[in-house]
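Coordinates in review
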Amino acid sequence: MKKIPSTMLHPRLTTFLLATILVFALPCCSGSSPAPASAPEKDEATRGAIEERLITELSPSDDRAGRQRNAIINRAIDQNYDVYAAPEGYFYEILEPGDYSPLAEGDIVHAHYQGTFLDGKVFDDSRKRGKKLRFIIGQLIPAWNLALQRLKPGGAIRILTPSELAYGADGLTGPRGDTLVPAHSVLEFLIDEVEIVEE
């Protein structure tokens, strides 16, 4: 059998190697911020245990609050989110706990975030604007005010919230009067790269 010199690679192998290098090298070289934090993949047993736990959280009520709670739980199960129910009614998943002391009401914070509807459609994304959001804990929608106090600087959190802890019956309109979030919308937020601003 004739030996092929190592300097002569098969064209498909060369294409594969170049594509692999580009896939790993381009994100390192691009100037954009990294994608939002996400939870690690879960094995089948873990997903099953999460689903069993979340099913026990389903609401028997058919009012708006019950339907929204069940929609949140179904989204979490479908997406394999390891969320927990807060007593106030929102669900959260700590993706990265962060370091030092937890955030507190009154803290001035910079963070990246992405807001989506439960169908996955993004309605706002700070990375697309290229600028972190600056805010004061306690002056936000209720779900953020509550959930962010579970986090420490450098952490990341996923929040799924019923409308009553988000924009409620008013929804959210943009500066030009356009509707960004319709009334009574259940929302999902991914908040990361959280840092306290000293002033």
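In the block above lies the structure referred to throughout.
About the criteria used
- Residues numbered from 1 in each chain as written.
- Predicted model: local features only at pLDDT ≥ 70, side-chain atom pairs only at ≥ 80, totals over all residues.
- Heavy atoms only, no water.
- Buried < 20%, exposed > 50% of the residue type's maximum accessible area, 1.4 Å probe, protein only.
- Helix = DSSP H or I, 4+ residues; strand = E, 2+ residues; numbered from the N terminus.
- Contact = heavy atoms within 4.5 Å.
- Polar contact = N/O pair within 3.5 Å; in protein donor to acceptor, adjacent residues only side chain to side chain.
- Lys, Arg positive; Asp, Glu negative; His and termini not counted.
- Salt bridge = Lys/Arg side-chain N within 4 Å of Asp/Glu carboxyl O.

Okay, unusual backbone geometry next. At Tyr-100, a residue that is not glycine, the phi angle is positive and equals roughly 75 degrees. Tyr-100 sits in the exposed class, given a relative accessible area of 72%. Phi is positive for Glu-193, which is not a glycine, with a value near 50 degrees. Looking at the secondary structure, you find Glu-193 in strand β9 (residues 187-196).

This paragraph deals with the environment of Arg-67. Within the secondary structure, Arg-67 is located in helix α3 (residues 64-79). What makes Arg-67 partly exposed here is its relative accessible area of 46%. Considered as a pair, Arg-67 and Pro-162 are 95 residues apart in the sequence and their alpha carbons are 9.4 Å apart. Not counting chain neighbours up to four residues away, the residues in contact with Arg-67 comprise Ser-61 and Asp-62. For Arg-67, the side chain forms a polar contact with the main-chain oxygen of Asp-62, separated by 2.5 Å.

Turning next to the side chain of Asp-107. Structurally, the position occupied by Asp-107 is in the loop between β2 (91-96) and β3 (108-117). Buried within the structure, Asp-107 lacks any salt-bridge partner; Arg-134 is the closest side chain of opposite charge, at an N-O distance of 12 Å. A polar atom in the side chain of Asp-107 sits 2.7 Å from the backbone nitrogen of Ala-104. Those residues in contact with Asp-107 that lie beyond four places of it in its chain are Pro-102, Phe-135, Ile-136, Ile-137 and Ile-196.

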